[in-house]
Amino acid sequence: MCCAVFGFSSSHNLQQKVLIFLDQALCGMKRRNRYGRGDLLFVCSVTVFYLGQHAMECHHRIEERSQPARLEYLRATSRSGLSSKENSTFAYHKDMPLIFIGGVPRSGTTLMRAMLDAHPDIRCGEETRVIPRILAVKQMWARSSKEKIRLDEAGVTDEVLDSAMQAFLLEIIVKHGEPAPYLCNKDPFALKSLTYLARIFPNARFLLMVRDGRASVHSMISRKVTIAGFDLNSYRDCLTKWNRAIETMYNQCVEAGSDRCMMVHYEQLVLHPERWMRTLLKFLRIPWNPAVLHHEEMIGKAGGVSLSKVERSTDQVIKPVNVEALSKWVGKIPADVLQDMPVIAPMLGKLGYDPYANPPNYGKPDQKVLENTRRVYQGEFQLPDFLKEMPQPKKRVERRSRVKIK
């Protein structure tokens, strides 16, 4: 829309074609005296990506700047409290070295982004929630041959869609937080579209967080973390859905290659944080900084780690790296589910976990981690006041808590 506002008209032909097509589509629906679900979805899709195409043209007009000079300026300003409004003046483009963090929810994605956020050159920020949703819509369009035909007829080709997606995603990633030399997005299920993201952002790198599925699922259920499609009353169902989701992301990570995607096991990250953060920053081609080992000291500070009042992991990442949550699932999963574990969740074995181990042996933690864990058990880390003001949702009558967990 910025191009339209300032009078740029390089997309005038596309604009006319899209508006004429939309007018014809709406008139056709009016004559039929009905608006089908597919019709409305199509009209919305054309409109969204028409606007996205205009936004992308605006970005192209300002992206011709010196990369070294821009990084140096960002280093000087990103840690001085520059607002997201001022951030709107920076050039950004599809060739930026973006970082995407993902995985099944409750797999350590928030810890990973908080540790990276502590680095003075990296900004991740809170979950956007928008990015995985728009990626899911794009996947839906790609799977529907009917939608493909209708979009092509409107001139909304794959090239147009890709440009619009790049513009939309960049706008969200850049504008939802303060500037930094390296920008990062953490929306767990975004990596279900890892292959597509790797194609439209050729210099992006991906961190796939992997955790023992039994621990992830127990965390979902015990903390009542609602995830679409997961039945929190059934360990069997949640483990099945966990297996399906991690398999999708794992396969795409392997397809992207080890130079683009790195799998990080949550257990090893918390047992040996320095070893893994050094390896990880080397993979991202970002200089080492010891601040990543002390993310809890940067929470709420300008240019530090910004946490959300509503994300369910906030009360955990205010603590230093520790092993408190590693084996909380032991003794909580029904016996029949444990017995069928290799069948329910075959990805456990593929990812290096013993499906029969109960309790498992993840390894011995570093001395510093043991010290952190001792301090956590002593209650040294409490949720700060500025993160306690959580919006109160409307109360609903819930009786599901009495349902037996299967």
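A. Summary view of the pairing of strand S1 (residues 99–102). The two faces of S1 match: Ile 99 and Ile 101 on one face and Phe 100 and Gly 102 on the other face are all buried. Note: S1 against strand S3 (residues 182–186), three bridges, orientation parallel. Residue Ile 101 lies in a different strand from S3, and its bridge partner there is Lys 186. Two strands pair when backbone bridges link them, and S1 and strand S4 (residues 205–210) are joined in this way by four bridges, in the parallel orientation. Paired with Ile 99 across the two strands is Arg 205, which belongs to S4.

B. Layout of the nonpolar core. Within the largest apolar cluster, 94 residues are counted, with the highest numbers of intra-cluster contacts made by Leu 116 and Leu 207. Considering every element that reaches this core, the biggest residue donor is helix H12 (residues 235–256), with nine residues. Filtering out sequence-adjacent residues up to four positions away, Leu 116 remains in contact with Ile 101, Ile 122, Cys 124, Leu 207, Met 277, Leu 280, Leu 281 and Leu 284. In terms of nonpolar packing, the next biggest core, distinct from the first, is built from six residues, Trp 141, Leu 151, Val 160 and Leu 161 among them.

C. Examining unusual backbone geometry more closely. The omega torsion of the bond from Asn 358 to Pro 359 falls at 10 degrees, within 30 degrees of zero and hence cis. Here Pro 359 is to be found in the loop between helix H18 (347–350) and helix H19 (367–377). Despite not being glycine, Arg 106 has its phi angle at roughly 70 degrees, a positive value. Residue placement: Arg 106 occurs in the loop between S1 and helix H6 (109–117). Despite not being glycine, Lys 224 has its phi angle at roughly 55 degrees, a positive value.

So, how was this worked out
Residues numbered from 1 in each chain as written. Predicted model: local features only at pLDDT ≥ 70, side-chain atom pairs only at ≥ 80, totals over all residues. Heavy atoms only, no water. Buried < 20%, exposed > 50% of the residue type's maximum accessible area, 1.4 Å probe, protein only. Helix = DSSP H or I, 4+ residues; strand = E, 2+ residues; numbered from the N terminus. Pairing = 2+ DSSP bridges. Core = buried A, V, L, I, M, F, W, Y, C linked by side-chain atoms within 4.5 Å. Contact = heavy atoms within 4.5 Å.

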